[in-house]
2 protein chains.
Amino acid sequence: MSHQSIAYHPEHNHSHCIEQALAQARELCKARKQRLTAIRELVLRLIWQSHQPLGAYDLLPALAEAGFNSAPPTVYRALDFLQTQGLVHRIASLNAFVGCPSPEHAHDGCFLICENCRTVVELDAGSIINQVQTEAQALGFAVRQQTIEISGLCPNCQNPGQSSDS
Amino acid sequence: MSHQSIAYHPEHNHSHCIEQALAQARELCKARKQRLTAIRELVLRLIWQSHQPLGAYDLLPALAEAGFNSAPPTVYRALDFLQTQGLVHRIASLNAFVGCPSPEHAHDGCFLICENCRTVVELDAGSIINQVQTEAQALGFAVRQQTIEISGLCPNCQNPGQSSDS
DNA sequence: AAAGCTGGTGTTATAGTATAACCATTAATG
DNA sequence: CATTAATGGTTATACTATAACACCAGCTTT
C-alpha cells in the first residue's frame, strides 16, 4: 500500500483512486461472471466520489438525475450486489456505505471514522482480527463476522483551525 | 469474573444476574446523584430479562402494561439515560440494547453475538482495544470510541440438534 | 418461433428505527 | 414559596430498510 493510497495523505490522488476502483470492479465482475449493470456501476461510482460514506437515500437523487427510477429498492438492490461482490462495505454505526479498496478477497473491514471530516479509512486489520479470534476462542465462540468501527479524529482534523469537509 | 457470570455457562444464574445489575444500578445512580426513576428502572429491568438484546420498540408494550405512556420518545429517553450512566450498551449491528455487567467504569463494549440464540456476551476487551489503539496511532488517528461486535455461534449453539432460544 | 425460465428492474406499500418540537408536571434549590 | 431544572406526555415526522408483485429482456429448450 503506497502512502498516496491513504485518504489522509496530502498527496492522495482521488481521481486515480476512483478510476482504479471502477476498473477493478469491472474486471472482478467479468471474472466472476457477474453483471455490473449501469445502475450498479453508477452506485459504485457515487460511493467512490469521496471517502465519506453515503447513506442509501443520499444516492437516490443522483439515480433520478441519471434517468433511473429512484425508489429505495433500486438502490438497496445495487448496494446488496456490491456488498456481495465485496465492492462496498456497510458501516453499521453510520447506516452508510463506503467503497472497499481491496475487493478481490472477501473480508470484513476494520474502519477508522473521522468524526470531523467523516473520512473513513479501512485498515489492514490482520492483527486485530487475530486478537479477536484468540479471545473468542477462549470462550468457545466461533467467529463468523466482525464489525469493527473506530470513531475519532483523523490526523488532519486534530489540528484546530483546520478546514472541515462537512 | 466467575464462570457462572458468563451467560454461556450451564450454571449461569440469571435471576442473580438481573438482581445484581439492578442493585448496582441503584447504587451507582445514588452515588452519582442521578435519578433512576420508575421508567428508567423498568426499562433496565426489561433489558436485563435476558442476555438477548432488545430493540427500543420491543420495550414499548411492557411500558404500556405498566401504565406508562408508550410512545417512542419515552423509551429512547430512558435508554439515553441508561447509556450515559453506562448501564446499557447499544449494539449498532442489531439496533438493540443490552445490559452492561460492569457499569462502574465508562467503557466501550466488545461483544460476542450468537446468531442462533442471540445471546450477547461482553468481553473484557483490553488486549483488543490496545491492538486497535496501536494500529490507529500508526496512522495518526486519535481514537474516541470503538464499536466492536463479533457475530458467530456461541459454544452451546455449535452442537447440532441443540435447543434454540429464538 | 413458441414456451418457459432467469435475473434485473419498476412500482407501491409498509415495516422498523429514531428524533424534533412543544407542553405539562414534578423535583431540587434558594 | 418562588424559581429553576429535570423529567415525562404527546404529536408529528424523519430516516432506514424490506415485502410483494408486475414487467421485460435475454436465454434455453423444444
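These figures come from a predicted structure and were not determined experimentally. Sequence order sets the numbering: in each chain, residues are counted from 1 along the sequence as written. Chain A is the first chain written and ligand 1 is the first ligand written, with later ones labelled in order. For this predicted model, a pLDDT threshold of at least 70 governs which residues receive local features, and a threshold of 80 or more governs which side-chain atom pairs are given and counted, while totals over whole chains, interfaces and linings are taken from all residues. As a rule here, side-chain values cover all heavy atoms of the structure and leave hydrogens and water aside.

J.: Even after reading the chapter, I still don't get the environment of B:His51, so can you show me in this structure?
T.: Residue and element names in this part refer to chain B. What counts as a helix is a DSSP run of H or I of at least four residues, what counts as a strand is a run of E of at least two, and both are numbered from the N terminus. In this structure, His 51 sits in the loop between helix H2 (38–47) and helix H3 (56–65). Put simply, His 51 and Tyr 8 are 43 residues apart on the chain and 9.7 Å apart in space, counted from C-alpha to C-alpha. Those residues in contact with His 51, other than ones at most four positions away along the chain, are Ala 7, His 12, His 14, Cys 17, Val 98, Arg 118, Thr 119 and Val 120. Side-chain polar atoms of His 51 contact the side chain of His 14, separated by 3.2 Å. Only heavy atoms enter the contact rule, under which two residues are in contact if any of them lie within 4.5 Å. Counting of polar contacts relies on pairs of N or O atoms within 3.5 Å, with two restrictions inside protein: one atom must be capable of donating a hydrogen and the other of accepting it, and residues adjacent in sequence are counted only when both atoms are side-chain atoms.

J.: Would you mind going over the relation of the copies chain B and chain A with me for this structure?
T.: Turning one copy of the chain about an axis and sliding it along that axis gives the other copy, so a rotation and a shift relate them. Here the copies are superposed with least squares, the fitted atoms being C-alpha atoms of residues at a pLDDT of at least 70 in both. Here chain B sits on chain A after a turn of 180° about the axis and a move of 0.0 Å along it, with an RMSD of 0.0 Å. Taken together, the rotation and translation relating the two chain copies correspond to the operation of a two-fold axis. Relative to the rotation axis, the closest C-alpha in chain B is found at B:Ile148, a distance of 2.3 Å. A share of 100% of interface residues in chain B that are also interface residues in chain A marks the association as one of identical surfaces.

J.: What am I meant to see in the sheet that holds strand S4 (residues 120–122) of chain A here?
T.: Strand pairing in a sheet relies on backbone hydrogen bonds, with the paired strands running either antiparallel or parallel. Spatially, six strands are ordered S4(A)-S3(A)-S5(A)-S5(B)-S3(B)-S4(B) in an open sheet, and the strand pairing comes out mixed. Of all strands in the sheet, those bounded by a partner on one side alone are S4 of chain A together with strand S4 (120–122) of chain B. Here the strands of the sheet are splayed against their neighbours by 20° on average, with no regard to which way each runs. One ladder, built from three bridges, connects strand S3 (residues 110–114) of chain A with S4(A); its direction is antiparallel. Any two strands with at least two DSSP-identified bridges between them are counted as paired. In this analysis, axes come from line fits to C-alpha atoms, helices being fitted only over the stretch in contact, and the angle between any two N-to-C directions falls in the range 0 to 180 degrees.

J.: Would you mind going over the protein's contact with DNA strand D with me for this structure?
T.: Summary of the distance rule: residues count as near a molecule or strand when at least one heavy atom falls within 4 Å of that molecule or strand. Close contacts around DNA strand D come from 16 residues, with A:Tyr57, A:Arg90, B:Thr37, B:Asn69 and B:Arg77 the closest. For DNA strand D, the fraction of atoms within 4 Å of the protein that belong to sugar or phosphate moieties is 51%. Within the side chain of A:Tyr57, a nitrogen or oxygen atom sits 2.6 Å from a base nitrogen of DNA strand D. In this structure, A:Tyr76 approaches DNA strand D through a side-chain N or O atom, which is 2.9 Å from a phosphate oxygen. At the level of secondary structure, the elements contributing two or more residues to the surface near DNA strand D comprise helix H4 (72–84) of chain A together with H2 and helix H4 (72–84) of chain B. In terms of residues, the surface near DNA strand D owes the most to one element, H4(A), which gives four residues. When residues are grouped by polarity, Ala, Val, Leu, Ile, Met, Phe, Trp, Tyr, Cys and Pro land in nonpolar, Asp, Glu, Lys and Arg in charged, and all others, Gly among them, in polar. Looking at side-chain class alone, the surface near DNA strand D contains seven nonpolar, four polar and five charged residues.

J.: What is the right way to read the protein's contact with DNA strand C from this model?
T.: Inspection of the region around DNA strand C gives 17 residues, with A:Thr37, A:Asn69, A:Arg77, B:Tyr57 and B:Arg90 positioned closest. For DNA strand C, a phosphate oxygen lies 3.3 Å from a polar atom in the side chain of A:Arg40. Within the side chain of B:Tyr57, an N or O atom sits 2.6 Å from a base nitrogen of DNA strand C. Every element with two or more residues in the surface near DNA strand C is listed here: helix H2 (38–47) and H4 of chain A together with H4 of chain B. The greatest single-element share of the surface near DNA strand C, amounting to four residues, is contributed by H4(B). Looking at the surface near DNA strand C, its residues break down into seven nonpolar, four polar and six charged.

Nothing here speaks to function; it is all geometry.
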